[in-house]
Amino acid sequence: YNALEPYIDEQTMRLHHDKHHLAYVNGLNNAEAKLAEAREKNDYSLVKHWTREAAFHGAGHYLHCIFWNNLSPKGGGRPSGELADAIAGRFGSFESFLNHFKAAGAAVEGSGWALLVRNNVTRALDILTAEKHQNLGQWVVTPLLALDVWEHAYYLKYQNNRAAYIEAFTQVINWEDVRRRLQAP
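Per chain, residue numbering runs from 1 following the sequence as it is written. Only residues with pLDDT of at least 70 get local features here, since the model is predicted, and only at 80 or more are side-chain atom pairs given and counted; chain-wide, interface and lining totals rely on the full set of residues. The side-chain figures draw on all heavy atoms in the structure; neither hydrogens nor water molecules are used.

1. Quick notes on the packing of aromatic side chains
Right, so step 1: Any Phe, Tyr or Trp ring, taking Trp's six-membered ring, that has another such ring centre within 6.5 Å forms a pair; planes under 30 degrees apart are called stacked, those over 60 apart edge-to-face, and the others tilted. Tallied over the entire structure, the rule returns 12 aromatic pairs.
Right, so step 2: Between Tyr154 and Tyr165 the ring centres are 5.0 Å apart and the planes differ by 20°, which places this aromatic pair in the stacked class. Of the two residues, Tyr154 sits in the loop between strand S3 (141-148) and helix H5 (155-158) while Tyr165 sits in helix H6 (residues 162-170), which places them 11 residues apart along the sequence.
Right, so step 3: Taken together, the ring pairs in this structure connect Phe91, Phe94, Phe97, Phe101 and Trp175 into an aromatic cluster. Labels follow the DSSP assignment, with helices taken as runs of H or I lasting at least four residues and strands as runs of E lasting at least two, numbered in each case from the N terminus.

Here it is, written out as structure tokens:
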């Protein structure tokens, strides 16, 4: 939990992982159980509710799994190879990408995510924001880099200074994980 110090503190990591992420896992498991029960009983009166719950908690779980793997105490710096070429080709330069990504994260209204994604139709890289991550299932993209800007990800250390947290996040990005996601089919 303290591996990302001084950029992301141990107390935040414990709360973020053991409370917030766990709540998504538990919520998804509950929603899946309720949907299975609805199918078993052939009673779909609450299907809209449980489908929304599954989407919300499932997206939260999925994005957090990416987020954890996108972090490394040996992270930061710059990507290399195919990923570096793809970023420079799409955004003009790594610096331009990083400025765009940080601005997107800072501009999320309320809580949500900034994401570097690969469009599965055009194969191009894009930067998206998600204030309602449950809509993730409607995207035709694969998230490569996920920046959690929900307050639980930074408030203990950075309070309301989201920009400082975003800057710290860039110091622990696991570019090797991002590269693997880019190369996955």
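2. A few points about the sheet that holds strand S1 (residues 113-119)
Right, so step 1: Strand order in the open sheet formed by three strands is S2-S1-S3, and the pairing between neighbours is antiparallel. Strands with a single pairing partner mark the edges of an open sheet, and in this sheet they are strand S2 (125-130) and S3. Across the sheet, the mean angle from the axis of one strand to that of its neighbour is 25°, orientation sign disregarded.
Right, so step 2: Should any heavy atoms of two residues lie within 4.5 Å, those residues are counted as being in contact. For helices, the fitted axis covers only the stretch in contact; all axes are lines through C-alpha atoms, and the angles between them, taken along N-to-C directions, range from 0 to 180 degrees. In the packing of helix H2 (residues 47-69) onto the sheet, contacts are made with S1 and S3, and the angle to S3 comes to roughly 70°.
Right, so step 3: Helix H4 (residues 94-107) contacts S1, S2 and S3 of the sheet and is inclined by roughly 130° relative to S1. Strand pairing requires that DSSP identify at least two bridges connecting the strands.

3. So, unusual backbone geometry
Right, so step 1: The omega torsion of the bond from Glu5 to Pro6 falls at 5°, within 30 degrees of zero and hence cis.
Right, so step 2: Structurally, Pro6 is set in the segment before helix H1 (10-41).
Right, so step 3: Its identity as a non-glycine residue notwithstanding, Arg123 has a phi of 70°, on the positive side.
Right, so step 4: For Arg123, the location among the structural elements is in the loop between S1 and S2.

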